[in-house]
Structures are given as structure tokens and as C-alpha cells.
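# Examining the three-dimensional arrangement
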Amino acid sequence: MATTATTRVRFTPVEAAGPLFTPAFIDYLVLLHDGLAARALELRAKRDAVLRRALGQHAMPGHPPASEANTGSWRVPPVPDELRRPGIEISGPCSITSMFINALNPGPEGERAEGDLDDDEDSGGHRLIDTVRATHNRLAAVNRELAFDDTEKGKRYRIAPGELPFFMHRERGLHLDEPDVTVDGTPVNAAILGSALTLFYAGRAQADRGQGIYFYLPKLEHAAEARWYRDLFDLSCGHLPYLKRATIRAVVLVESLPCVYQMEEMLWELGPYAAGLNAARWDLKASIFEFVMTDPAQVWPDRFGVDIKTTPFLANIFRRLVAICLKRGAAPIGGMATALPSNDPEVNRVAGEAIRKDKEWEAAQGFIRAWVAHIFHMKTAADPFKKLIASGWKPGPEMAKAENYPVKIDVPEGPVTVEGTRRNARMLIEYVEGWLNGRGAKGIDSLEGKPGVHPALMEDLATGRMSVAQIAQRILHRAKDTKTGETHDGPLVKKLLQEELADILARRPTQADVETRYRTAVKVGMRWVKNYTELNFRSLGSYARADLEAIAAAPDAF
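Described in the following lines is the structure provided in the data block. (Residues numbered from 1 in each chain as written. Predicted model: local features only at pLDDT ≥ 70, side-chain atom pairs only at ≥ 80, totals over all residues. Heavy atoms only, no water.)

Scanning the protein from N- to C-terminus turns up 17 helices and 16 strands. Computed over the C-alpha atoms, the radius of gyration of the protein is 23 Å, within 12% of the 24 Å expected from 2.2 N^0.38 for a compact globule of 558 residues. Along the longest, intermediate and shortest principal axes, the C-alpha atoms of the protein span 65 × 55 × 50 Å. Burial analysis of the protein (558 residues in total) assigns 60% to the buried set. Across the protein, contacts joining residues at least 24 apart in sequence account for 79% of those joining residues at least 6 apart. Accessible surface, the protein as shown: approximately 21,200 Å² in total, 52% of it carbon and sulfur. Positive and negative side-chain charges of the protein, numbering 71 and 73 respectively, have mean locations separated by a distance of 2 Å. (Helix = DSSP H or I, 4+ residues; strand = E, 2+ residues; numbered from the N terminus. Rg over C-alpha atoms; globule rule 2.2 N^0.38 Å. Buried < 20%, exposed > 50% of the residue type's maximum accessible area, 1.4 Å probe, protein only. Contact = heavy atoms within 4.5 Å. Areas by Shrake-Rupley, 256 points an atom, 1.4 Å probe, with all protein chains shown as cover. Lys, Arg positive; Asp, Glu negative; His and termini not counted. Charge placed at Lys NZ, Arg CZ, Asp CG, Glu CD.)

The full count for this structure, using the stated rule, is 1 cavity of 30 Å³ or more. Of the volumes computed, that of the largest cavity is approximately 40 Å³. Considering the residues around the largest cavity, the lining is formed by Glu171, Arg172, Ser195, Phe215, Tyr216, Leu217, Pro218, Tyr229 and Phe233. Those elements that provide at least two residues to the lining of the largest cavity are strand S10 (213-217) and helix H6 (223-239). At 3 residues, the largest contribution of residues to the lining of the largest cavity is made by S10. Of the residues contributing to the lining of the largest cavity, the split by class is 6 nonpolar, 1 polar and 2 charged. (1 Å grid on protein atoms, 1.4 Å probe; cavity = no way out; pocket = protein on both sides within 12 Å on 5 of 7 lines; lining within 4 Å. Points joined across faces, edges and corners; volume = space filled by probe spheres on them. Nonpolar A, V, L, I, M, F, W, Y, C, P; charged D, E, K, R; others polar.)

Around the barrel, which closes on itself, the 8 strands sit in the order S3-S4-S7-S10-S11-S12-S13-S14 with parallel pairing between neighbours. Neighbour-to-neighbour, the strand axes of the sheet open up by a mean angle of 30°, direction not taken into account. Pairing between S10 and strand S11 (residues 248-254): 5 bridges, direction parallel. Paired with Leu217 across the bridge in S11 is Val252. (Pairing = 2+ DSSP bridges. Axes fitted to C-alpha atoms, helices over the stretch in contact; angles between N-to-C directions.)

Our next topic: the state of the cysteines. On inspection of all chains with the given rule, the structure shows 0 disulfides. As a non-bridged cysteine, Cys325 has Cys259 as the owner of its nearest cysteine sulfur, 11 Å distant. (Disulfide = S-S within 2.5 Å.)

Turning our eyes to something else, we now look at the side chain of Glu500. Assignment of secondary structure puts Glu500 in helix H15 (residues 490-507). If near-sequence neighbours (up to four positions away) are discounted, Glu500 is found in contact with Arg422, Arg426 and Ile429.

Let us look at the packing of aromatic side chains. Two descriptors summarise a pair of aromatic rings, namely the distance from one centre to the other and the angle between the planes of the rings. Within this structure, the stated rule accounts for 18 aromatic pairs. Ring geometry for Phe25 versus Phe200: centroids 5.4 Å apart, planes at 75°, classification edge-to-face. Here Phe25, found in helix H1 (residues 23-57), pairs with Phe200, found in helix H4 (residues 190-200); they are 175 residues apart in sequence, far enough to count as distant. The buried category is assigned to Phe25, whose relative accessible area is 0%. Among the residues examined, Phe200 registers a relative accessible area of 15% and is labelled buried. A connected cluster of aromatic rings, assembled from ring pairs, spans Phe11, Phe21, Phe25, Tyr28, Phe200 and Tyr201. Sitting above the plane of the Phe304 ring, Arg423 keeps its charged end 3.8 Å from the centroid. (Phe/Tyr/Trp six-rings, centres within 6.5 Å; stacked < 30°, edge-to-face > 60°. Lys NZ or Arg CZ within 6 Å of the ring centre and 35° of its normal.)

When you line up the elements, Ile389 lands in helix H12 (residues 378-390). Note: C-alpha distance between Ile389 and Lys401 (12 residues apart in sequence) is 20 Å.

Another point: helix H3 (residues 128-142). Between its first and last C-alpha, H3 extends 21 Å over 15 residues, near the 21 Å set by a 1.5 Å rise per residue. When we look at burial in H3, the residues that qualify are Leu128, Ile129, Asp130, Thr131, Val132, Ala134, Thr135, Asn137, Arg138, Ala140, Ala141 and Val142. Buried residues along H3 sit against helix H2 (97-104), strand S4 (115-119), strand S7 (166-170), strand S8 (177-183), H4 and helix H5 (202-208). Of the residues trailing H3, Arg144 is marked for its positive phi of about 60°. (Expected span 1.5 Å × (residues − 1).)

Counting buried positions along strand S3 (residues 87-93) yields 7 of 7 residues, so the element is predominantly enclosed. By the bridge criterion, 4 bridges tie S3 to strand S14 (residues 369-372) in an arrangement that is parallel. Bridged to Ile88 within S14 is Ala370. In this structure, S3 lies alongside S4, joined through 5 bridges in parallel fashion. Residue pairing for S4: Glu89 is matched across the bridge by Gly115. With H2 bridging S3 and its parallel neighbour S4, the resulting β-α-β unit is right-handed. (Right-handed = clockwise from strand over helix to strand, strands pointing away.)

The subject of this paragraph is the pattern of salt bridges. Should the charged atoms of two oppositely charged side chains come close, the side chains can pair. Inspection of every chain in the model, using the stated rule, returns 61 salt bridges. Where Arg422 meets Glu500, a salt bridge forms, and the shortest distance between an N and an O atom there is 2.9 Å. In this pair, Arg422 sits in helix H13 (residues 418-436) while Glu500 sits in helix H15, placing the two residues 78 residues apart along the sequence. Assessed through its relative accessible area of 5%, Glu500 is described here as buried. (Salt bridge = Lys/Arg side-chain N within 4 Å of Asp/Glu carboxyl O.)

What follows concerns the side chain of Arg320. Inspection of the secondary structure puts Arg320 in helix H10 (residues 312-328). Despite its burial, Arg320 pairs with no opposite charge; the closest candidate is Glu264, at 5.9 Å N-O. If we skip the residues at most four places from it in the chain, Arg320 touches His63, Met263, Ala402, Glu403, Tyr405, Pro406 and Val407.

Right, dumping it as C-alpha cells:
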């Protein structure tokens, strides 16, 4: 590791890291570490205690008692106009330069997204090199200098002329560490590192241009965690002079079960930085799986059939989110449209129709914007919000009453099938293969080779987590196929993984490195599932490359 001038901080000298870890940046990073790192550990311990109560006693999270945060008529500070703009945000890893440039450019119809979710979290690679590249790319994008030449494919990527989308920065969460950067020998908190890099570099460029500096805050569980981010922003503004004139705002990702009960409190604790709430569908389902994992009465049907729109208790969670935003003057942001374009026009037509219906539903619930994974479907996803709001429609007064949408966790309707488990297994193999190749987002068709029309979807860590959780839940409770009665257990899941691996390899190029990566993905995926059956819900993002190599060399988990 390279040692900085301060001697307290060390970092692995990955490509292009040196120019970022200047003495001035190190001073700032140490300030944040000293002020926030110990509290982050306390917050993690609180998370674990709440989860363990649910697993050991079936004592689920609930609403906090009455307080200033959930009573009275307070409102968040006025949300910047651009964050109230109806339409769509394009999401993708900002560490992959070609994908980042594509996201900033117009789609096939010539329109840009309203916002860009430049992600170093669930679609990022979770290595220091990814965070370093994301930092450089964000700064270059703000300065309109971002460019990439793919010599292998003979492609040149450049930012097209015209107004860019506003940037929404998403860093890794406070539950993760970065082992390749240490302070006094201790890995730095990943949220501290990512936020610091963005505020120090892209943030300064945005402040100089008069742009707002906006963040999505991932994986929050309790209101005290929102306060932690408020203090991070306060410390930053006190240390970095250019932030004193800047607008910093944050949107909470509602992607954990405890957060569902504390949405109002999250906005309150963010105080001057509060801007909105986002309905993060995939991670929320995964979080629910984790909290009910030991309850045999809570085994879910195939996750592919559990639609937010048609599952009443899930729909009400997101209606409640909108109600709180309406009540408190915040911006409600909807979920992700993940379909990728195909060479088959019929696949694109079916995908487009599904996206349109989904976004029409979200717009009718009061969401003002949502996300899309690819510019091909950008206009289809944006138009429902733009058209409804342009029509003069406004949410009715009943939609602003959170009490109309009580939180209740039910078991969705639908069958439990081995084929649904097989789809989870295939998705898991494909996703982990991408992860091993440095990609946190990958286009995956979990029905590849099957009859029918089914577009590939851009999958990220959230769907990997959800697939693992459902497989583990079925093993734990020996769930039976609704029709055949076949019982889920470790050997069945291992057989499904092996069958899907064989089918995948038969469809991929016969290259040794590709085959090795897929075989390693099965080993890692199996270990991940086994961990979940042991109630160890450790994020894939917490595994160092050495950990993954050790898993690959170890006997199969099943």
C-alpha cells in the first residue's frame, strides 16, 4: 500500500488513485472518519439487533412513538425545481465510462433523461478501482470532458451537445467498508469514502457551475442513519469552503423494511438536506425476505409474479411513501424499468407496453419520476409522468394521508414452483459471473432459451440478493412445489445450479476464462445461498476478491 503524507491513511495504489488522494483530500477524509466512523459501527449494531429480534422472536420492526418528526406541519426546505421535474432518470454504473456516457446522451427519440443516477452502489463493482474510476468520470462528466475510445470494438463515446441531465450521485452504503483504504489500519467506511470523493471533486465542479449536488442514500434502515448523513454533509460544508455556497440535497432510498416505518423520520433527520423518497422495489422485497426468513408462515411464491401494482400490501407501502412526500413537500420517485432493447421488434413491443403500464400506474399514485435502465426505453418510461402532470392532474387530498395506507406485511398470492427457483438460480449464476468480471450490473434473461417473448433485464446487486434470499427461504422451510409437491433442499438447489450452468456454458463462447468465471460463479452463488440459510445476510459487496478466490477453492457449500 502507498502511504500518504498524513501517515494515518494508506491506500492500495490502483490505477489513477494517486492523483485523488492528495494531502488536502486526506485531511478531509480523516476529518469525516474521526467524526463519523465510530457512529457508523454503532448504527450497524443497532441494525443487527433489530434483525435478530425479528429472526429469533418474530418481533417485526414497527413505527416509532409520536415525536416532532411525525407530528405537526413541518415541511422539507423547498425542493429545487429540477428535482421536481416529471419524467425519468437513467441509471447505471458511472465507473464504466461507455455506459455512463450513453446514459448522459439522448435516446433514440432524441430526448435526454431528466436526471442521471450515476451509481457506485448496487450496479457498481464495489472495488476501489471502481470507486476511483467513478470519481474521475463524475468530475469529467460535470466538466463535459468525459470521453472513451473502445479500441477492441472500434467505438468512440462522446457526450453529445445540449443540456445534460442533473446528476444524482449514489455511493455505497454505511454498512460497507473499503478494505483497500485504511485509517490507522482500519478499513474506511465505504459511504464516507465515496461521499468524500464526490463532494471533494465533482462537488466542487458542480458548485463552481452553480449546480445542485444531489445524492441518493442507499440501504438506510433507521432515522438515526439519516442524521448521520446530515452530519456528514454538515462536516463537509464546514471544511470545504466551496460547499458553503452549494445546494446539497438527498433522496432516501426506501429499500429496507425498517425504513418503511420511518420514512417521515428520515426526512426530518436530514433537515436542510432532505429532498425526497424513492420506492426501491427489489431491495425492499429482499429486506422483507430477510426479516421473515425464519417464519414458516411467510414463505413467498415465485418472486417474478409478485408485482407491486397487484400486491395490495406492497402497493400501499409505496402509496404511503407518496402520502408522506405530499404532506412534507418532498419529491416521490418511483421504481426501475429494467428491460433492455432486443433485435426482435416483438420483444421490444412487449417490453415497452409493460413499461408504459407500470409507469402509468406509478404516475397515478402521485410519483413524479422513476428510473430506467437503458436509453432505448427512456421516452416510453418518461411520458406517463410528463403527460399526466401536464394535463393538470393533481393528487387528491386523501392521497396525502399516510394513515390511509397502513403498513402490513402479508404473503403475496401465487404458486411456489421449482421452475421459479430455477430462474432465481440462473439469475444468480449470471449475476455473480458479471460481478467476478468487475460489473455490478448485467443484462440477464432468466428465461433464456425458453419459449415466449421475454426481454433481458438489467439486473444489479438487489436482484442477486433477492434471488439468494428466496432460494434460502425455500430451503430453510423445505417449501414444496405447489403443483408437484417436490421439496426444496440443498441438493435440489445444487442440481438446479449445475443444470443451469451446463445450459449457460452451451450457449456461451468456448473460452477458458469464460468457463472458469461461470464455474466460480456457481461456487460463490452456492456459498451465498448457504450463508443465507445460516441467517448470515452478508452483502456480496463486502467480499474482497481474496474472499471470492477462497470460496472458489473450497469444497461446494452444498
